[in-house]
Amino acid sequence: MKKEIRRRAIPKNLPSLNGLPEFLVRVYAARGVRTEDELELSLKRLQRADSMLGLDAAVALLETALREGQRILIVGDFDADGATSTTLAVEALAAMGAKHCDYLVPDRFKFGYGLTPEIVDLARERAPDLIVTVDNGISSLAGVARAQELGMKVLVTDHHLPGHQIPKAEAIVNPNQHGCAFPSKNLAGVGVIFYVLSALRARLRESGWFSETGIKEPNMASYLDLVALGTVADLVPLDFTNRLLVEQGMRRIRAGKARPGIRGLFEVAGKTPEQALTSDLGFVVGPRLNAAGRLEDISLGIECLRARDMLDARERAMVLHDLNNQRKTIEDEMKRDAERILDTLASSEQPTSVGVCLYQEHWHQGVIGILASRVKEKLHRPVVAFAPESDDPHVFPRILKGSARSIPGLHMRDALDLIAKRHPDVLQKFGGHAMAAGMSLDAVHLEQFMEAFDRTVQELVSAEALEPVIYTDGELEPEHLTIPSIRLLERSGPWGQQFPEPCFDGVFRVVQKRVLKDRHLKLVLESKDSSVLVDAIQFSSPYVAEDLSGFYRVVYRPSVNEFRGRQSVQLYVDDMQVCDA
């Protein structure tokens, strides 16, 4: 689908950001930066937690648990945010003196997401006095009730959007819960537990706990590599607070202070932590960590993050690397299935759905989220991909798991909430964010859901929102297509959701074309005025079989390519369209 190339709006009066070149000032201005203070990402600028609803009650629960030697059980989630949240909670509480602190993460293939009654019954075997949820729990009404029935107290820490009811836990910390005045609503689960445990450390310091016990007070900054990884991998918007947390974590990683597990994940991917970019957390480290939860057990990822030395970390990271390769193979097969389905629909006389639903009996439920993302990017439509909960075809009722991805202009969780109200028997459960959500339903209701989803999307999404647009930061002058300028851009982030990595557009002629692995293009591009000759690469290019003559308007992200010790400028091509010179 052809995208409209549109340049980001830049205010007429550029902000005064002393010492920065104009091209970078323009980039910042297009992202809403107005003052130099907004670029000061030091820990002293971190948003205070005083206004976080439920924080005092949470800290009191944890302090009592430490002083009374209670058994604490962390219940996490099976993605990268859940893994980093779980690791941070277990490690930091142990450092503060918790004698009995363990974790339990639901097997997505047996129990599904969150603190369910079944997970509580499993947790009962460990006899916890206090259950602490991380990156889940805000929708676990029945699970919290079951825990309390069994005599366990529950502290919920979460960041997902609450429903109309919230659980009656002893304490809930979630910046998105009703009545919470904490200004940063975009924290990932790992950011929420970081705030909670930072407040606990402050309380323990004030109450004399560390001096009484002789325990060395932990430095909470040492956990920021985990916070950065979980925040970037969970694709939460990078508002000021998240940018600060990610930047501080990246500084630790580049300074060689990352924990062995994170270093190991960089190494197995052939990356150097000291040269790490924020995007490496999202595209290199995060997927390998997520692969454990998608295909096996996220505990494999958690134990990698908890590794005490590099020998152990490398072995565990290699297991995750192999799982990620398996995930890629499964994903490629599912993508081919999806493309065949879409081709069949396109060739039929039926109108194309605005809300797209895809399902195959043999699909893997751990990979449907990635598949939904890929199809959404291709079609620029909200997409839900389904897979069976069980791979045994004789299991009834046949429960399907769905993973949804949205486009700007449609709040996915709100859309599902509307469907649930209109069709109360269709969805068994659902939850998520504006851009991503999950659900489960009985297979007999799949066709009804597909029709309801399409109608709801048509109702909620404007025609304009369905037109794909790719935004750029305009032209990058030839004198800035240099290694120093690109390095400056790379380190001027962190870049991510709602603070996007800079990309530019310009008119080029293709001087040389080479096909890699039957689907990628390696190009040499010459600028319209012949002043620049530069290497470029386009992954999964639609132009593989075409003769690229004439001029193209190219949308690209500049990068530095390193090969055999040599550095050179290379453009990552996001889009290219035939144009007049």
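Refer to the structure above for everything that follows.
An account of the accompanying structure is given in this report. This is a predicted model, so every value here is computed, not measured. (Residues numbered from 1 in each chain as written. Predicted model: local features only at pLDDT ≥ 70, side-chain atom pairs only at ≥ 80, totals over all residues. Heavy atoms only, no water.)

### With respect to the overall build of the protein
Phase 1 of the analysis: When its secondary structure is counted, the protein shows 17 helices and 17 strands.
Phase 2 of the analysis: What you see for the protein is a C-alpha radius of gyration of 25 Å, in line with the 25 Å of a compact globule of 581 residues.
Phase 3 of the analysis: With respect to the three principal axes, the spread of C-alpha positions in the protein is 75 × 60 × 50 Å.
Phase 4 of the analysis: Within the protein, buried positions represent 54% of all 581 residues.
Phase 5 of the analysis: In the structure as shown, the protein presents an accessible area of about 26100 Å², 48% of it carried by carbon and sulfur atoms. (Helix = DSSP H or I, 4+ residues; strand = E, 2+ residues; numbered from the N terminus. Rg over C-alpha atoms; globule rule 2.2 N^0.38 Å. Buried < 20%, exposed > 50% of the residue type's maximum accessible area, 1.4 Å probe, protein only. Areas by Shrake-Rupley, 256 points an atom, 1.4 Å probe, with all protein chains shown as cover.)

### Re the side chain of Asp505
Phase 1 of the analysis: Along the chain, the position of Asp505 falls in strand S13 (residues 504–516).
Phase 2 of the analysis: Look at Asp505 and you get buried, because its relative accessible area is 2%.
Phase 3 of the analysis: Among the polar contacts listed, one links the side chain of Asp505 to the side chain of Arg7, at a separation of 2.9 Å.
Phase 4 of the analysis: If near-sequence neighbours (up to four positions away) are discounted, Asp505 is found in contact with Arg7, Thr472, Gly474, Glu475, Arg553, Val554, Val555 and Tyr556. (Polar contact = N/O pair within 3.5 Å; in protein donor to acceptor, adjacent residues only side chain to side chain. Contact = heavy atoms within 4.5 Å.)

### So, empty space enclosed by the protein
Phase 1 of the analysis: Taken as a whole and assessed by the stated rule, the structure comprises one cavity of 30 Å³ or more.
Phase 2 of the analysis: Taken as a whole, the largest cavity encloses approximately 40 Å³ of empty space.
Phase 3 of the analysis: Every residue lining the largest cavity is listed: Phe78, Val105, Pro106, Asp107, Arg108, Gly293, Glu296, Asp297 and Ile298.
Phase 4 of the analysis: Its residues assigned to classes, the lining of the largest cavity comprises four nonpolar, one polar and four charged. (1 Å grid on protein atoms, 1.4 Å probe; cavity = no way out; pocket = protein on both sides within 12 Å on 5 of 7 lines; lining within 4 Å. Points joined across faces, edges and corners; volume = space filled by probe spheres on them. Nonpolar A, V, L, I, M, F, W, Y, C, P; charged D, E, K, R; others polar.)

### Some words on the sheet that holds strand S17 (residues 566–579)
Phase 1 of the analysis: Strands sit in the order S13-S14-S15-S17-S16 around a closed barrel of five strands; the barrel is mixed. Here the average twist between neighbouring strands, direction ignored, is 45°.
Phase 2 of the analysis: In terms of strand pairing, strand S16 (residues 551–563) meets S17 through 13 bridges, oriented antiparallel. Paired with Arg553 across the strands is Gln577, a residue of S17.
Phase 3 of the analysis: Along the sheet, helix H17 (residues 483–490) makes contact with S13, S16 and S17, crossing S16 at roughly 90°. (Pairing = 2+ DSSP bridges. Axes fitted to C-alpha atoms, helices over the stretch in contact; angles between N-to-C directions.)

### Considerations on the packing of aromatic side chains
Phase 1 of the analysis: By the definition in use, this model includes nine aromatic pairs.
Phase 2 of the analysis: Measuring from centroid to centroid gives 5.9 Å for Phe508 and Tyr556, while their planes differ by 80°, and the two rings are edge-to-face. Taken together, the positions of Phe508 in strand S13 and Tyr556 in strand S16 put the pair 48 residues apart, joining distant regions of the chain. The exposure classification of Phe508 matches that of Tyr556, with both residues buried.
Phase 3 of the analysis: An aromatic cluster is defined as three or more aromatic residues linked by ring pairs; in this entry it consists of Tyr28, Trp495 and Phe499. (Phe/Tyr/Trp six-rings, centres within 6.5 Å; stacked < 30°, edge-to-face > 60°.)

### Re the nonpolar core
Phase 1 of the analysis: Residues Ile74, Leu88 and Leu197 are the most contacted members of the largest nonpolar core, which totals 130 residues.
Phase 2 of the analysis: A per-element tally of this core places helix H6 (residues 189–206) first, with 10 residues.
Phase 3 of the analysis: Those residues in contact with Leu88 that lie beyond four places of it in its chain are Leu93, Val190, Ile193, Phe194, Leu197, Tyr223, Leu226 and Val227. (Core = buried A, V, L, I, M, F, W, Y, C linked by side-chain atoms within 4.5 Å.)

### Observations concerning the pattern of salt bridges
Phase 1 of the analysis: One pass over the structure, following the stated rule, counts 37 salt bridges.
Phase 2 of the analysis: Put simply, Asp417 and Lys421 hold a salt bridge, and the shortest N to O gap is 3.3 Å. With a gap of four residues between them, Asp417 and Lys421 both fall in helix H15 (residues 412–422), about one helical turn apart.
Phase 3 of the analysis: Residue class for Asp417 comes out buried when judged on its relative accessible area of 14%.
Phase 4 of the analysis: Judged by its relative accessible area of 52%, Lys421 is exposed.
Phase 5 of the analysis: A cluster of three or more residues bridged by salt bridges with shared partners is formed by Glu63, Arg67, Arg203 and Glu212. (Salt bridge = Lys/Arg side-chain N within 4 Å of Asp/Glu carboxyl O.)

### A few points about the layout of surface pockets
Phase 1 of the analysis: In this structure, the second largest pocket spans a volume of roughly 640 Å³.
Phase 2 of the analysis: In terms of lining, the second largest pocket is formed by 25 residues, of which the most central are Ala49, Tyr195, Ser198, Ala199 and Ala202.
Phase 3 of the analysis: The element best represented in the lining of the second largest pocket is H6, accounting for nine residues.
Phase 4 of the analysis: Residue classes in the lining of the second largest pocket are distributed as 14 nonpolar, four polar and seven charged.

### Focus: H17
Phase 1 of the analysis: All of the buried residues along H17 are Ser485, Ile486, Leu489 and Glu490. One side of H17 carries all its buried residues, which in axial view fall inside an arc of 140°.
Phase 2 of the analysis: Against the buried residues of H17 lie helix H1 (22–30), S13, S16 and S17. (Arc of directions from axis to C-beta.)

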